[in-house]
Structure formats: C-alpha cells, structure tokens
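# Examination of the molecular architecture
Take a look at the letters that make up each chain.
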Amino acid sequence: MAQIFPKWTNQVPRKILIGLIVTANVVILGIWYFFSPKYTDVGYAPIQPVPYSHKLHVDKLGLDCQYCHTSVFDSKQANVPATQTCMNCHGQIKTDSEKLAPIRESWETGKAVEWVRVNNLADYAYFNHAAHVNVGVGCESCHGRIDKMEVVYQAEPLSMGWCLDCHRAPEKFLRPVEEVTTMGYKVDDQMLIGSELVKKNNVSPPQYCQGCHY
Amino acid sequence: MSKYEYIPEPALVKGNHDFASITKLVTDVNLRPTPKLWYLYMLIANALLGVFLVAVGYLIWEGTGIWGLMNPVGWGWAIINFVWWVGIGHAGTLISAILFLFRQDWRTAINRFAEAMTIFAVICALMFPGIHVGRIWVIYWVFPIPNQMYMWPNFNSPLLWDVFAVSTYFTVSLLFWYVGLVPDLATLRDKATDKIRKFAYGIFSLGWTGSNRHWWNYEKAYMILAGLATPLVLSVHTIVSFDFAVSMIPGWHTTIFPPYFVAGAVFSGFAMVLTLMLITRKVYGMEEIMTNDHMEKMNIIILVTGSMVGFAYMMEFFIAWYSGVEYEKAIFLLRATGPYAWAYWIMMLCNVISPQVFWSKKLRTSVGFTFFISIVVNIGMWFERFVITVTSLANDYLPSSWDYFSPTIWDVLTYVGTFGIFFTLFLAFLRFLPMIAIAEIKAVLPQADPHNYDEVTKEYVPPVVEVPKPKTERV
Amino acid sequence: MSEVTQNTYWKSLNELAQNQEYKNFVEREFPENATELNDGVSRRGFLRVMGASIALAGFAACRRPVQKILPYSHQPEDIVPGIPLFYASAMPFQGSLTGLVIENHEGRPTKVEGNDLHPASHGNTNAYHQASMLEMYDPDRSRRPSRNGAKSSTADFATFASEYFADTNKRIAFISEANSSPTYNALKNSALSKFGNASWVTFEPFGEDNIIEGNRIAFGSRLRTHYNYTNADVVVSLDDDFLAATHPNNVEYAKQVTGRRKVTSTSDNMSRIYSVENGFTLTGSFADNRLRIKASEIGSFANALAGALSSRINGLNAFSSVNNSFSNNEFLTALADDLASNAGRTAVSIGLDHSAEAHAVVAAINYALGNTGSTVSYLEVPHFDNQNNMEAFADVVSGMKAGNFDAVVLIGTNPVFTAPANLDFSGALANVEEVIQLSSYSDETSKKASWHVGRSHYLESWGDGFSYGGARSVIQPQIQPLHDSLSEIEFLSTIINGAKGSGYELVQNTFNGYYRTGFNNKWKDILHDGIDITDGFNAARVRLSNSIAPASESAVSGIEVVIRPDASIYDGRFANLGWLQELPDPMTKITWDNVALMSPNTAEQLGVKNEDVVSVTINGTSIEIAAWIQPGHVDNSISLTVGYGREGIGRVADYDNEQKAGGINVYPLRSTSGMLFNSGTISASNSTYAIACVQDHHSLEGRDMYRQASLSKYRETPDFASFAYVHKYEVPGMKEAEEMDEDAPISLFDEQTYPADEPQWGMAIDLNSCFGCGVCVIACQSENNIPVIGKTEVNRGREMHWIRNDRYYVGDDTGSPQAVHQPVPCMHCELAPCEQVCPVAATTHSDDGMNQMTYNRCIGTRYCANNCPFKVRRFNFFNYPKEYLTTGEDPDIIQMAMNPEVTVRFRGVMEKCTYCVQRVNRAKINTKIETGSPKPADGTVKTACQQACPADAIYFGDLTDNNSVVSQMKHNERNYLMLEELNVRPRTSYMAKLSNPNPVLVKETNQEPAH
C-alpha cells in the first residue's frame, strides 16, 4: 500500500522533542527576566507637576534629605513636604518662575500639589521608614543616588526577594546612623564595619512573614 | 486418572474467533460510519459538560461561598468528589499493570477501556483540587517554581504531596495506556480507508511496522511501565488518604486509612469498570470477548475488597474505643447515631452488606444483578467519602463550633457536571480508539499457542488428556 | 485640632468622590492579581482618603496604578503623617458620660478606647462605646436637615427658628433625652425662662425615673443610687443586669465587681453574688447563687427579703408583717442570713425598670444594712428634673392631643417609635403645628416632623457632661462634622437665640464659670486628661422616711410578658450599626433578630420549639415573633427585647425582606401600665422564622474545655484545673519528656526555636473575671477591619469574628443550669496544626512566637481551618468587604472607619486573630528606636480585646519576662491549656473559673465541675 508518511518524517519526533525543550526554556527564562519587578518597575520616572530637581537641591545646594522629608526618623512615612516647605525659600527667590506656579497656587488656594508616587510598595506590605533609618539603612540603599537625579526614578526593584537580600544579610548594607542621608557613601571594608554595626545596634531584621505582612 | 491431571482454564474468548475476526470485530467499531445514537449520547454528555463549565465559571466569579461550606466544615463536596473520582481511577492501572505482572491473561479483554476509564476519572478528579481553592489565579504557588518572593511551597503539607502523587499517577497511566495503544493504532491505520483516518492513526502509531524489533521494544517498554505503574496504584490513594490521616481531626487522624483507602478505591474502580463494561459489550456486541467469566472474576475482587473495606469500618470503631480518646469515641458514635446517621447507614448498606451477596455463584454470574450492585457500590463509596469528610469536621473538639453542613445547588451541579467530562471523553474513546487491546487479546487465543494447537478442531489440545469441549454459549 | 482636619479631609474626600478611576478601582471584582488591587482598597486605600497621603488617579501602565501623593499645603504642627494621635473625649449615653480616648490617624478617628483617668471607664469600654465609632461613619446617618421632608440646611433652620421663636409666648413642649451636660441644662433653663408657656420633659424609654422616685419615697428627695461594689462582700441583684451594656454605668460596675473576684492564691477572698431574675442575664450567669422567679414577683421578693431581714437587723420594722409566697423560701432565708451577717459590706440593687416602690424597699434594705456610704451612695444630680418624667411625658402627650401646644421640640428622642403604645404619640403629633426634631437618623419621628435636623455625633461636636458617678468631662470633637448637622447644644441655642452659635464657645463658657483663676491651664488639662477632677455630684446625707412601706405586689398569675432593652441595639438607637446587629447576644448567641425567650417547660406546654413563630398578645395588641428556648428562664414568663422591626432608618436597621433579618417591633406591646411586664397570652402559630444563632450546641458533652470549681474546693485542691487532676493521668508524652528532661510533651515535628532577643507573646484569659459581655468581639472587629456579613451568611455558619465568646450550659438543662462564658481567640499554638498543612506556607510561625497568617500568600484551601482543633480560623467565602465598603453613593465615608494599619482581606483568603500584630510591631519598632531593646516593656502592648475588657479578664504580654503579668498568670495553679493532650502548645491559656456559692444553697446552683 502507498506510504502515508515520507521518509523524513522519521526524524520529526526527535526534532519536535528538541524544539519543545528549547522553547520551554526560552519561555521560562523570558518570563523570569521580563516579568520581574527588576525589569518592569526599575527606572519608572513619571512626570511631576513641578519639575523639582533633586540634583539641583541636593547636589548643588546641598539640602539634607530631612529638610523636606522631616518625619523619616520618627514615622513610617518619610513625609512628602508641605507646600509651606517650598515656600520657605521660594517665598523670596524665583518668586515668579513659571515652573513654580503650581506651588504658589497651592499655597494660595490651600489645595495640595499632586506629586506622582514613584516608589510604590504593594498595599499588603507594611514598610516603616523610621525602623530602617534609625538602624542605619541609608536613603540611597533603596532610593538610589537621588542627588544625581534630575527627575526621580525608581532605582531598585522593591521586590520581596530584594528586601530579603538585606534582611538576611544586613551587614552588607548598613552604615552608621549619622551617615544615613549621605549620598555616595562608600567604605572599603563594608563587611567588617557592617557586622560591627549589626552587633552595636543589635540589628535583627525580621525574616518571618508578619514582619511586613499583616 | 492421575492426580497430576491438567484441567485447562475455560477459553478466555468464546466463539470460534480467529485473529482476523477479532481484528474485524474490534476495528469495525472505529471504522464504520458513526451511528446516530452515538451523536445523541454525545449531545447529552456535552450538555452535562456545559453544566460543569457554568458551575465552575460562576464559582470562580463569585467565590467558594456559592457552595455549602462554612465553619467548621471547610471541605465539602469538592473534596468528596475528588477522592471519589481518584478512587474510581484505580481499577484501570491495577488491571493493566498489576494483573499484567501477575500474568493474569483475562485482563486482556478489559484492560484497554478500564485504563481509558481510569484516565478520564483522574481527569475529573483533578478538576477539584484546582477549583476548590479560594484564589484559583494563584494556584501555581503550589508548584516549586523559583520566584522573586524567594518563596517555596510547604513540603510538609499532604496537599502538596497530593499534587505530585496524582499528577504522577496521571502521567504514568497515560503513557502506559498510549504505549499499549500503539500496535492497535497501527492496525487501525492499516485498516483505515480514508486519508484522514490513515493520517491521524498514522501519526499516533509512531510508524509501527510490527517488525520483530518493534515488538521487542514494545514488550520491554510495556513491562517497565507496568513496573512503574504498580507502586503508583498503591501510593496515589495512600497519599490521598494522608490528606485526612495526617491531620488531627477525630475521625481523620487514623493510621488505617492508607490500606483502607486503597481497598476502597479498587472496590469502587472495579464496580465502575463493570458498570461500563456491561453496557458497552451489549451495545457493541463484545460478549464473546468480555465474557461472563470476566464479570465473575471481577465480582470476586469486588467481594474481597468490599470485605476489606467492611473490616476497616469495624476496625475504626474498635480502635476508637480501644484508644480511649474521648473525641475519637464521640465522633464514631456520632457518625452512627448523630445528625449524619442516615449517610452512615447508606454507606454501610452499600459497601459492606451489598457485595456480600457475591458469595453466591448464581448472583455473581447474573448480569443484571451485577450491574445493579456495581452501581450501588459506587453510591456507597461516595457516601463513605461524605461520612469521612463532613461528619468529622462538623463535630470535632469544641462542641461550641459544631454545626450542620448542607450543600447548595451549586455543589450538586458541579458534581453532576463532572459526569459530562467523563462521558464526553469516554464516548470519544469508544468511537475513535480500539476499546479492546487487539494485539493482546490475540495473544490469549488458542491459535497464539504454537504448540498444543489442533488445526482441525481449532482448539487447544494438550498432549495427554482429553480436553472437555468448553460450551460456547452466547449471552 | 478639629480646625486642622477640616479642609484637608474634605479636599481629598471630594477628589475621591469625583474620581471615576478610583470608583472603578475599588469596585473591580475580579482582575488579574486581584489581591493587590483589592488590598489597595485597604491600608493605602484608607490613607488615601486622608490629608497627607495618596490619592489614586487611575491606571497608566498596564499593571501599575499611578498614585498621587497629596501633601498638606499648610502642615499642622501636631500631625506627623503615619503616627496616630490620641485625644480624650467622652460618650454620652442614658444621661451620663463615659470617658474615652480616641485614636486618630491623620485627623481621622479610627478606634475608641477607654480613658484610664475616668472613673466610669478606668481604661475600658463596652460594646456601645466601641460601635459608636462606626456610627459616626454610618453613611445612613442624617446628612442634612429636612423641612416637611424636603432637603434643607442648618442655615435655613436657623432662619426659621429666629422667626418662629421670636414670639416667646409660643406654647412649646420640649421633649428631650436624658442629658447630663451642664451647658445643655443651662440652655434648657434659659429656654424655659425665655418661653413662658414652654414645658420640658425628659423622655427615655428605659430611663432611671423609678430609681429616682424610689429614693424620693425612701429618703424624700430625688437622688441617684450609685453603688461601690469594691466594698461589697455580698452583692444582691434583684433582676438588675448591671453588668450588661444596657446599664448606663456597666463599665464601672463590671470593673468593681470583677475586681473582687481576682483570685491569685488560695488565701485570696471573693465576693459572693446573688441574682434573682426571670430571664438569664449576664449578671445571673456570673452570680454564685441564682434564683429564677417571674419579673412580676421581684417586688414581692423585695418585700419578703425586707421582711426576713426585719427579724435579723433593726430599721425594717415596717416590713415585719410581710408574709408572701417567698417568706419561707430557702434561698431567701439563706440570702437574708448572709446579708445580715455581712451588714455594711453588702449591696442590694434592683432593675431600673422595676416600680418606684420596689426601689424604695431596696433603698430601705440597704439603709438598714448600713450600706449607705460604704457600698451605696445617693447622689444629688443637678440636672434631674423635679418631676416624675414618665407621668409628665404622659401629661404632655395628652396636652398635645388637646391642642395645648403650638410646637413640639424633640431633642435626640424618637418617641413615635419608643413611646408607650397606649399614649398614641404619633396621633398626638398630628395636633401640633410645628414638630421639630433633632436626631442622628431620619427615624420614625423625623418622618412625622415638620423640621428634622441631623444630630452631630459626639466624635464631631463639642459637648460636656457628668459620668454616672458625677465626674465632669468635656466632649472633644475629633473631626469636623461630616454632614450638615447640629449638636444638641447648638440646636438648643439656635432655637433660643435664632443662631447656631459655636459649640466650642458654649462649652468653654460653661467651664469658664467653674473657675475663678487659671482657666486656660485648667481647660488644657481637662481636654488632655478627659476629666475635670475638681468636683462632681455630692452624696446626700439620707434618712429613711417613716412612711416607708412594702411595695404593692403585682405578681402576674398566668403568663407574664417582660419587655427589656436589647443587649445589642438597646432601645433601637443602635439598630443601624452592623457591628452590633452581628454581635451575638451574650446569652442566646442570636444575631440580627429579637426573639421571644421562654423556659423549656413553657415551650413544651405551648408545644413550640426554636424558630416557631408565636403570637404574643397584651390587652388585644399582639405581635408575631419567633420563639427561642432559654434554659434557666423562669416558667410562664416570656422575655422580649425592643428596637427591631424598623423601616426607613438605614440599610442595616431596616427589616430586610430578602434576608428575613431585622426582627419584630415589640414597642406596640408596651404601655404605661406595663412598662416592664404585663400579663399576656401566647399562642403557637404554624409558621417558622429562621434565626441566625452562632452557636448550635450548648452542652460541653462532658469535655474539659471549661474548668471550674468552688472557692472551697480550690482551697482544698489548688491544682483542680490541671490536666492530671481532671483526667487522673499525666498528659500523654509527658513521661517520655521527663525522661529526656524536657518540660513539654515530646513531639514528632521539629520544634520551633526562638531567637533569644525576641519577645515571646502569650495570652491568659481569666474565666473567673469574664462575664461574657462580648465587648472583646466588637473591639477586635473595630481594630482589625472585620467585615459585617449579614444574617444569611451568619446563618450559614460563616461568622467572621476573630474572637468568639462560647457559652455553655452546665448542669441540668431543663431546670436552672449554670451558664459559662469562654472567649476563644486564636491560640497561637507553638506546634500549630494549621501550619503543618498549608501547601503554600501562608500560615507559619514568627520569631516572636505568633502563628502568623499571611493573607497575600493564602490561596484558600481551607485546610488550616479544618485542622484547627479550636476552629478559630475564618474564611472569606465571598468578597465581604466589597459589599461592606464599596456600596452606596459615597463608600469613602465608611472606609474611613477602617484601621489603616490592617489589611482588608480579599475574598478567598483565610484570616484569624493575630494578637493585634500591628500593635505589637508598632511597639517593637518604637521600643527599638527609643531604647534599642527589641523587647517592649510589659504593658506597652495591649491587644484590642484586652484593652476593651472591663473585667480585665485578658492578660497579654511577653513570656520571656518572668515579671510580666501574663507570665505570672501562667504560673498560677488555675492556669490550664485547652486540649492540652493534643500537645499543640497553645500560647493562649485559660484560668479556671471559681465560684463562691452560699454553702447552704450549694445544691441549688450546679457546682459540678465541667467534666
């Protein structure tokens, strides 16, 4: 009787098998990389109502983080500054700058300036700034080199794994509390200093669920 | 006569069948044009399948609240059905694997569709662990996949063991079934006249030529898979039973569960095979292959496993009393006398009493009666799972939390719906695949024996003794 | 601070209200990664509605919602975003205040706590106080005044008032609820002096008239009876449920009574409590000796008691001739002996609603026993009207009928619903030209009023007043009024002056009057402490009048029908609060409905069982209501509670035809002749009515969850509560453990190891203090954002409360069993069965020894709940919060009642008691920052239930600290573990109950231990 399948089909099963294995791996790796917060979230830099430049204010003018983010050592929220804070200076200088119009408007009307949130944790993850900065987790460890940012962007994935990297080995990241707001803090023997700090402030970051989820 | 006289088994295949006639008998079912009735049945099955889809859709939309679940009964019909279907899904692999290893040739008549039945039952079962959870869209968390949360599943949890046990069982059964199919698919390919069939069967018969080497590999593969499948038959329901046995609820926390569940599974599995077999062989006129001897053999297995289950029930009671644990005592008394006594006694009647009638040869060879019992048994086994799951939860340690479980319409529809899945698949199987392992059944024909075969009588002729001519009755 | 919250609050709220994306967002039912979105409705969701926080402005990227941050424009100096503030205030109820402390998040009150400095609170609360938080955010609260049903405004009302009341000859009837506010009463007087033809009555459906009248009979002046149970060795309650929230001073009394039951060693003593009542009350279940008699016989019993005492002590000769059915009663004799031998250290009280004469008799008894001054004092309450208000009210109503009034001004009351039916109040209203009403809801009376004015909640308006015992406080608003409403003082001043006036100034003026000097500092202190200790009520020097005589006896021969306020919704004023509707009745465990309670015998005679509808008839008026069998209820007596069967009040209160929830209106049966009880008839009908009761099984089945003994037995065998004593054998696995010198039974699983620097949390619940009021349930619900699920779901057995209060009947069920209460939160087992079985590790153990439930990891297999021996886990079968938080035209309001520190759980996840982990973590973080120590000092963390409990029955703290109170309680010999033999090692343990029955009566009360 006539052959239904030509000879080459003998190879087909093997080829299919190999093909499957390859595609499977590609898909998995693809998802692994492209669906990770590292890829999707890092670099998120929304346009703000006021083109406030951290680079200018921090790097050039040397404002300390806490000048605006006042409650970072006391509260779970670092506090986005009130219009008041802007007006402290801009009441006198650049009083007619176009860019600052929204600030002045807010100051007159009492309506808030609608800043766009950059670093956004999932709602079921409880984060407390005070708990971190008071034991020497630097601002830049999570927010990156703010002092180099013309427009603020998300510098780290803020994924659970990323948090755990530090919670499991704080000594890799800790710095003296007085250095917390320093930008570009760098020491050669971080591991040594870090472990001393861990001992000194007896830092034991929670690695159990309800340290952050409740 | 000498006491070493050799009494042969009655022939497994009745009627004067030769290889050709067997092939014809079986393959015709697949090759002849589809009968009208088949469409009708398929339509009904699909309707049920629709019901299932609607029920599940609504479930996922609204939440598990549409079922009758509550505190303290967190598991209801979904888990009952899961265990019930898995249990049914035991007969196939047991028949094909274990009986194969024990060289029980009579299995050849029924193993093919017993296996099919198994696979379809397991598919139905697998629906439930998936849909019964509260947040189905994150169910993949039960699989150990590396992720940005650095989270692994909890390997202590019997539910996790379940995931692995059942899926493994499913995979192996499927492979086993498929490997067995290959030679027959080739037969179909060769018998098929139209291109599509040739092509389709051709693809799946993997270029089988029936060469010696093919057969040799085939036998090896089949043997290995049988070896693999055998422990799984026992392990899968053992692990399902751990879902209960490993927990600490009175009535669940019982070491007897593994053997007792396996026995129960085989019990219900065989009953289901019988139910289907008796219908199928009638419809397709296969009585000569699936004979009453087969039916009787299976009835005996039902009798045995049924008695084992019965023994297990008694044992539970004894242990509850013997352990001296007040909560154990209480729950077993409550089962028999409490709010769910009705369910308990249905279970006892169906599982313990009913199979005992098979002590009588007359009854275990009666087709109608067997059919009846086979259905009763499966009802009983459903209630067994109900009694275990619900009553234990409803009346556990703190009397303040005791409550009464009653199902909603959605519980019922979901359950009924699974029959849609089952029969849709089963009808498709009957239509497109050989319901009998052609190659294997041929091997148990007298002709297959190169020696002791009389060309004239076309019968098995042992050298010394006269062989009583087996009566060739038709059912 | 109220000024501060104003603009910021409204700003963000309006933005939200307009924000379509936000609505879509919260209402999206089932998107991919649904948890994230729906938890969005939770913590941040609520922060969003506030000043310094985030408002959601829709979806930019596919999965990334763009969130806006709205900082203050002018930052108030006292608010640091993310840090809660606590301000003192006080809640008025029944003409007296309870001092409270309110937790505020960014100017948004979220939780009510007790005020330690306030005598009526001592830092604790009752269910009503807790639920009042929800009341303020209730979307159904009256939003604005209405003129003849048409929308209006307070401004319009002011204009109206200034014109209408310009004519000071108007004949006005002021009908006011009881109000202790000095400002209010000053306004009242000026109103009466301004309007010559005005008359004023105070109407409370369950007021304290009879006490006052009783004291007038006994002592010749209108006084309030105030007990001091701290000094009482013998407490006698004649149908007086002073432990229940329905009593205006229950928190203080509960504190005092349970304070006398704190036993830490065999050498400690306990007070003895007698209770005589018809139904089964909390006080009755807490009593050591209880006698069931009809409510209508209480008067006779009081007489007989006085009679029996007359032969034992001096001063009761007036009663020596009393001879009635109780005179030779065994219980009464024993009671009389006990009282006589403890004269001076006893306290006899009688239910508020019993007749004035009966109150007089009781006053006489206390007087003769020399309790006056030690356990009982009689307070001169300045704001009491000098009239019997119930009679005065009746007169006013008949006056209205006769057309003697041009205007009726109703302040806070709802007489159309609550007034005695025979007065036909609503009929009387028809003959009045202007009916002006101030009330929180647009209620039955509002519908008949020509002017309805919404009443500002005490959390949003200035006010003042006195506690039951006379402590003066200022009611300090926490937030600007959410709606266009008036407080009662603003309302009154509007009527008098035609202008609203500022509540703040009115109150300040009042207090200005109290001080010559240094007002500003005083004022600051008062606001800060929440109490003005400078002075209170004077205790009157009383002398028993010679005309004192036995009360007229009015025992009902046939079936008596007793009408009482409802444990959950009182006289109906709390009917729209889902928390209270769903709070199981402390005794019957019924939610969402009222029932006709009767004894098993009576039910048998009538041939009815639970849920059978019976019709109860009093002089021709009858109602159809579901019957419910109450073991321990006296025979031939039917107990009904009021407040249910509402229409047009709100989505919670209204009778729900779909769910068949909301109960029956009982007020039609109540008449001036039978305010408390009346003889009636009852007949079974063939229909039934489903009742959602959260507890189906009421017997302990001889199990040992609940352990108790009499004080004497405890002294003989201090270890009576131990497993070994109860079971006569060691805990299984203990012998092996001893061999391996471990202190706990051996375990199959590897046991959790705890870091040395972590605190280890544990809880002990003292069953000897707990009297089962259920405030812990509401406090927990308020703290942990627990949804209200409705009758249908409760009926399916899906109640969500994290802590439940089990109630068992011990002893003979038909006759007079003992009722015991056992609060059951999560036990936080060290070897938790739930943790072993979760396939995705969503419930695990924390380093500080808690069993943690991680909602965002849970996939909802419910295996943990099945495997929990205590059945404390709760599953979100549906998206309960959605119904509760996102329906209605402005869901944002009710959302503001949520605690921003706690995630709102989405459907399909398990939840349970967390030991208030948000409080624990806050304390841990603060301690770490302040002291560097990882362990908060003992007492810094209080769980919500513990903080609310007026009996201080719940102890919580660090077990690694041997000096912590909880550690010491756990070392007490009464401490035992529930289901110890399972070796799950609960962190929550119980302290066995003790009772101190009169030895003579020991047969009557069931003193069998619970196994």
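Above this note sits the structure.
Let us look at the structure shown here. Quick caveat, the model's predicted, so the values are computed rather than measured.

Of regular secondary structure, chain A possesses 10 helices and one strand. N-terminal to C-terminal, the α/β element order of chain A is α-α-α-α-α-α-β-α-α-α-α. C-alpha extents for chain A along the principal axes are approximately 100 × 50 × 35 Å. Scored against the burial criterion, the 214 residues of chain A give a buried share of 43%. Taking contacts inside chain A between residues at least 6 apart in sequence as the whole, the part at least 24 apart equals 67%. Summed over all atoms, the accessible surface of chain A reaches about 12300 Å², with 63% contributed by carbon and sulfur. Averaging the positions of the 20 positive and the 21 negative side-chain charges in chain A gives two centres separated by 11 Å.

For an interface, size is often stated in terms of accessible area lost upon the parts coming together. Between chain B and chain C, the residue contacts involve 55 residues of the former and 60 residues of the latter. Roughly 4700 Å² of surface becomes buried between chain B and chain C when both sides are summed, with 55% attributable to carbon and sulfur atoms. Linking chain B to chain C there are one salt bridge. Among the ionic pairs, B:Asp396 bridges to C:Lys871, the shortest N-O distance being 2.9 Å. In this assembly, chain B and chain C are joined by 33 residue pairs in polar contact (both at pLDDT 80 or more). With four residues, the single largest contributor to the side of chain B that touches chain C is helix H2 (residues 36-62) of chain B. Tallied by class, the residues present in the side of chain B that touches chain C amount to 35 nonpolar, 14 polar and six charged.

Counting residues at the interface gives 45 residues for chain A, matched by 51 residues for chain C. Summing the contributions of chain A and of chain C, the shared interface buries around 4400 Å²; its carbon and sulfur component is 51%. Per-residue buried area on chain A facing chain C is highest for A:Asp123, A:Tyr208 and A:Tyr214; these three make up 20% of the total on that side. For the salt bridge of A:Lys76 with C:Glu901, the shortest nitrogen-to-oxygen distance reads 2.9 Å. In this assembly, chain A and chain C are joined by 11 residue pairs in polar contact (both at pLDDT 80 or more). At the level of elements, helix H5 (83-90), helix H6 (101-109), strand S1 (115-116) and helix H7 (129-133) of chain A are the ones that each hand at least two residues to the side of chain A that touches chain C. Partitioned by chemical class, the residues of the side of chain A that touches chain C number 20 nonpolar, 18 polar and seven charged.

Here we come to the packing of helix H10 (residues 292-323) of chain B against helix H12 (residues 341-356) of chain B. Residue and element names in this part refer to chain B. Contact geometry of H10 with H12 gives a least axis separation of 8 Å together with a crossing angle of 140°. Relative to H12, the element H10 lies oblique. Every pair of crossing elements has a handedness; the one defined by H10 and H12 is left-handed. On H12, the residues that touch Ile302, Leu303, Gly306, Ser307, Gly310, Tyr313, Met314 and Phe317 of H10 are Tyr344, Met347, Met348, Asn351, Val352, Pro355 and Gln356. Taken together, the residues that form the contact of H10 with H12 break down as 10 nonpolar, five polar and no charged.

Judged by pairing direction, the sheet is mixed, and its four strands sit side by side in the order S38-S31-S40-S39 (chain C) without closing on themselves. Both edges of this open sheet fall to strand S38 (954-958) and strand S39 (975-976) of chain C, since each of them pairs with a single strand only.

All names here are of chain C. For the coordinates displayed, the defined rule picks out 57 salt bridges over all chains. For Asp239, the salt bridge goes to Arg564, with nearest N and O atoms at 2.8 Å. Residue Asp239 is located in the loop between strand S11 (234-238) and helix H9 (250-259), and its partner Arg564 is located in strand S22 (residues 559-564); the two are separated by 325 residues in the primary sequence. On the accessibility criterion, Arg564 (18% relative accessible area) is buried. The partner of Arg922 in a salt bridge is Glu901, with the nearest N and O atoms 3.7 Å apart. Of this pair, Arg922 sits in helix H32 (residues 917-931) while Glu901 sits in the loop between helix H31 (891-895) and strand S37 (910-911); the two residues are 21 residues apart in sequence, bridging distant segments of the chain.

Between B:Asn71 and the following residue, B:Pro72, the backbone shows a cis peptide bond with an omega angle of 5°. Of note, C:Gln94 is a non-glycine position whose phi angle comes to about 55°, a positive value. When you line up the elements, C:Gln94 lands in the loop between strand S3 (85-93) and strand S4 (96-105). Given the relative accessible area of 5%, C:Gln94 is considered buried. Even without a glycine there, the phi angle at C:Trp592 is positive, about 70°. Here C:Trp592 lies in the loop between strand S23 (590-591) and strand S24 (596-598). We classify C:Trp592 as buried; its relative accessible area is 8%.

Quick look at the packing of aromatic side chains now. We describe a pair of aromatic rings using the distance from one ring centre to the other and the angle between the two ring planes. All names here are of chain C. With the rule as written, the count across this model stands at 110 aromatic pairs over all chains. For the cation-ring pair, Arg261 lies above Phe286, with the distance from its terminal atom to the ring centre recorded as 5.1 Å. Over the ring of Phe417 we find Arg646; its NZ or CZ atom is 3.9 Å from the centre of that ring.

Residues and elements named next belong to chain A. On the surface, a nonpolar cluster with roughly 660 Å² of combined accessible area is contributed by Val27, Ile31, Tyr33, Phe34, Phe35 and Tyr39. The element that contributes the greatest number of residues to the nonpolar patch is helix H1 (residues 12-34), accounting for four residues. Mapped onto the secondary structure, Phe34 falls in helix H1.

Sheet strands pair via backbone hydrogen bonds, and the direction of the pair is either parallel or antiparallel. All names here are of chain C. Strands sit in the order S10-S15-S21 across an open sheet of three strands; the sheet is antiparallel. Two strands lie at the open edges of the sheet, namely strand S10 (224-227) and strand S21 (538-539), each paired on one side alone. Bridge count for strand S15 (residues 376-380) against S21 is two bridges, and the pairing is antiparallel. Within S21, the residue paired with Glu380 across the bridge is Asn538.

Residues and elements named next belong to chain C. With respect to the helices, strands and loops of the structure, Ser989 is situated in strand S40 (residues 988-991). Within the structure, the side chain of Ser989 is placed 2.6 Å from the side chain of Asn975, a separation counted as a polar contact. Filtering out sequence-adjacent residues up to four positions away, Ser989 remains in contact with Met763, Ala764, Ile765, Lys970, Asn975, Tyr976 and Leu977.

The next thing to look at is the state of the cysteines. Inspection of the entire model under this criterion finds zero disulfides over all chains. Cysteine A:Cys65 shares no disulfide, and the gap to the nearest cysteine sulfur, in A:Cys139, comes to 4.1 Å.

Between its terminal C-alpha atoms H10(B) stretches 45 Å, which fits the 46 Å expected from 32 residues at 1.5 Å a residue. One or two positions beyond H10(B), positive phi appears at B:Gly324, with a value near 75°.

Once that is clear, we can look at the pairing of strand S14 (residues 346-350) of chain C. Residues and elements named next belong to chain C. The buried fraction of S14 is high, at five of five residues. Judged by which residues are buried, S14 turns out to be covered on both faces: Thr346, Val348 and Ile350 on one side and Ala347 and Ser349 on the other are all buried. As defined by bridge partners, S11 adjoins S14 across five bridges and the pair is classed as parallel. Paired with Leu238 across the bridge in S14 is Ile350.

Cut-offs used in this document
- Residues numbered from 1 in each chain as written.
- Chains lettered and ligands numbered in written order.
- Predicted model: local features only at pLDDT ≥ 70, side-chain atom pairs only at ≥ 80, totals over all residues.
- Heavy atoms only, no water.
- Helix = DSSP H or I, 4+ residues; strand = E, 2+ residues; numbered from the N terminus.
- Buried < 20%, exposed > 50% of the residue type's maximum accessible area, 1.4 Å probe, protein only.
- Contact = heavy atoms within 4.5 Å.
- Areas by Shrake-Rupley, 256 points an atom, 1.4 Å probe, with all protein chains shown as cover.
- Lys, Arg positive; Asp, Glu negative; His and termini not counted.
- Charge placed at Lys NZ, Arg CZ, Asp CG, Glu CD.
- Buried area = accessible area lost by both parts, 1.4 Å probe.
- Salt bridge = Lys/Arg side-chain N within 4 Å of Asp/Glu carboxyl O.
- Polar contact = N/O pair within 3.5 Å; in protein donor to acceptor, adjacent residues only side chain to side chain.
- Nonpolar A, V, L, I, M, F, W, Y, C, P; charged D, E, K, R; others polar.
- Axes fitted to C-alpha atoms, helices over the stretch in contact; angles between N-to-C directions.
- Parallel < 35°, antiparallel > 145°, perpendicular 65-115°, else oblique.
- Left-handed = near helix turned anticlockwise from the far one by under 90°.
- Pairing = 2+ DSSP bridges.
- Phe/Tyr/Trp six-rings, centres within 6.5 Å; stacked < 30°, edge-to-face > 60°.
- Lys NZ or Arg CZ within 6 Å of the ring centre and 35° of its normal.
- Patch = residues over 30% accessible without salt bridge, like charges linked within 9 Å, V, L, I, M, F, W, Y side chains within 5 Å.
- Disulfide = S-S within 2.5 Å.
- Expected span 1.5 Å × (residues − 1).

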